[in-house]
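# Secondary and tertiary structure notes
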Amino acid sequence: MHRLAEVSVDIIDQCVAQGVPFAREYGGLLENRSFGGVQVSRTFYARGQTGQQLLIGAYQALSRQIGLGTVEMYNRHEMVELVLIDGKARGIIARNLITGELQRHAAHAVVLATGGYGNVFYLSTNAMMCNVTAAWRSVRKGALMANPCFTQIHPTCIPVSGDYQSKLTLMSESLRNDGRVWVPAKKEDAEAIQKGKLKGVQIKEEDRDYFLERRYPAFGNLVPRDVASRAAKVECDKGHGVSPTGLAVFLDFSDAIERYGKTEANKQGQHNLTKEQIIALGEKVVAAKYGNLFEMYDKIVGENPYKEPMKIYPAVHYTMGGLWVDYNLETNIPGLFALGECNFSDHGANRLGASALMQGLADGYFVIPYTIGTFLSKEISTPKFNPKDEAFVEAEKAVADRIQQLLSIKGSQTTESFHRRLGKIMWDYCGMARNEEALVKGRQMIRELREEFYKDLYVPGKADEFNPELEKALRVADLLEHGELMMVDALTRKESCGGHFREESVTPDGEAMRKDDEFSFVSAWEWDDKEPVLFKEDLVFENIKLVTRSYK
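In what follows, the accompanying structure is described.

Definitions and cut-offs
Residues numbered from 1 in each chain as written. Predicted model: local features only at pLDDT ≥ 70, side-chain atom pairs only at ≥ 80, totals over all residues. Heavy atoms only, no water. Pairing = 2+ DSSP bridges. Helix = DSSP H or I, 4+ residues; strand = E, 2+ residues; numbered from the N terminus. Patch = residues over 30% accessible without salt bridge, like charges linked within 9 Å, V, L, I, M, F, W, Y side chains within 5 Å. Areas by Shrake-Rupley, 256 points an atom, 1.4 Å probe, with all protein chains shown as cover. Salt bridge = Lys/Arg side-chain N within 4 Å of Asp/Glu carboxyl O. Buried < 20%, exposed > 50% of the residue type's maximum accessible area, 1.4 Å probe, protein only. Contact = heavy atoms within 4.5 Å.

## Some thoughts on the sheet that holds strand E13 (residues 322-323)
Spatially, the four strands line up as an open sheet ordered E13-E7-E15-E16, and their pairing is antiparallel. Each end of this open sheet is capped by a strand with a single partner; those strands are E13 and strand E16 (533-538). Of the pairings in the sheet, the one linking strand E15 (residues 521-526) to E16 comprises six bridges and is antiparallel in character. Along E16, the bridge assignment pairs Glu-526 with Val-533.

Listed below in structure tokens is the structure:
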């Protein structure tokens, strides 16, 4: 974390040089704003599109290197196996997703930067192609998976709208800077909204419960994501939700629009404007700050968020667990490195906004270029590896056999149906709140689902062709194992901590209760089909005092 803070200023300079348009104050200095979990403005940003802008900047820089011939891209290829020679990572087997051809890639070291495993929940803010396969194939070869149960639930997502939805949409965290979160104080009002008989704008101010401001007066709507998410769940569980499913709360900009309108009127020296004129001015200010997000919400939901409060509900977003790595970002397999979300390194049980972007950029731009040299310096006399070596032949055969196994089941159920059922089990038993009974049951349900998967899966088509159903089957097979490990990890950590909330470990006023004397360690797991093996890496704090933060 100290290193992450050290290189953070370099990240800004790097990204600006790549064309990322960070927001700036009138004098040209970088502007910053508040974010969930902090009471001061300390987050640099690019409107409500920071992540997207950083990606575009990185893509531009990468495209330049491809043009120069220093980088060779393998688009539409997927890593399906890790190759070890004498215990060291020396290459991968990849599958060409267009032709189905298996390809061998040999190297002195392997670097994974393959993202998180949020799609184990099926519905998440991740793209549908995001998966755990590269990391899990490494685990199957002996890499340790650390803290797999630490999952971030993001509070500001567009709610689930139907049984056949395949992903969820994240609304930027920045919206909580100005939006106020509330539900109807009266259950009958909430029920009327759920049935379409009332609208949020019709609920009087005195009949609204701004529950984050009520429960956490010091932080209000800017409490950390895990706290805001659980608070929303509590209100919806009580029957105060505001969507047809009952699983949504309001995020309301009406106060911000009026406040900005009055400020703008003062700037213009206009003191006798009507409320409608003030609101019109305020809407222009809000549009300048969040217009792209409001437009996206309108297109997806079909409601104008300038006139009606947005509906939001928590959803799976980022996974803090991942492959165990050391200070050099090297896993316990020599020569295998993991960067960004696919490692466990920086976030612990919680992740405050913007830090994931920072970790990915820090790992890629300012850590691995230096630390990988420590490994490669000892390989300077090692000759090139031949993809025809026995280790590559065996690894490719293992993949071909795995593919053939899936194709030959010839059952009656699609991969999608298994994935959807896995996601429901994960959300219901290992989601925003967890308890021992549910986790034990959830683990058994996953084991039974995996058994059914290998008996009744149907994958159409052949191995040597474009076959998206086969792609999905390979990924879901890995998610079925990884999901079980998440349950096991959550079961052994009998404390509440950040995104991991055990219902048996709460304070008298219902907040998360850590047990630092028992659980101040990283859980690093070695996979075993029967019973995974736990290795504990103690967390030793020498220069700071470990305390529980209060958001009241």
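## Concerning the environment of Gln-277
Examined against the element boundaries, Gln-277 turns out to sit in helix H8 (residues 275-301). In this structure, the C-alpha to C-alpha distance between Gln-277 and Lys-262, residues 15 residues apart in sequence, is 9.6 Å.

## Considering a nonpolar patch on the surface
Taken together, the side chains of Leu-539, Phe-541, Ile-544 and Leu-546 present a nonpolar region at the surface, about 350 Å² in accessible area. Residue position: Leu-539 is located in the segment after E16. You can call Leu-539 partly exposed: its relative accessible area is 39%.

## Details of the pairing of strand E12 (residues 310-319)
Most of E12 is tucked away: ten of the ten residues are buried. As defined by bridge partners, strand E8 (residues 151-157) adjoins E12 across five bridges and the pair is classed as antiparallel. Across the sheet, Ile-153 pairs through a bridge with Val-316, a residue of E12. Judged from the three bridges that link them, strand E11 (residues 249-252) and E12 form a sheet pairing that is antiparallel. Its bridge partner lying in E12, Val-249 is registered against Ile-312.

## Focus on the side chain of Arg-208
Topologically, Arg-208 is positioned in strand E10 (residues 208-209). The class for Arg-208 is buried, based on a relative accessible area of 14%. Sequence-distant contacts of Arg-208, defined by excluding residues within four places in its chain, comprise Trp-182, Val-183, Ala-185, Gly-200, Val-201, Ile-203 and Asp-252.

## Observations concerning the sheet that holds E10
Here we have five strands laid out as an open sheet, ordered E8-E12-E11-E9-E10, and antiparallel in their pairing. Each having just a single partner strand, E8 and E10 make up the two edges of the open sheet. Summarising the sheet, strand E9 (residues 180-184) and E11 pair through three bridges and their orientation is antiparallel. Each bridged residue has a counterpart across the sheet, and for Val-181 the counterpart in E11 is Leu-251.

Honestly, that's just the spatial picture; any functional story needs more than this.
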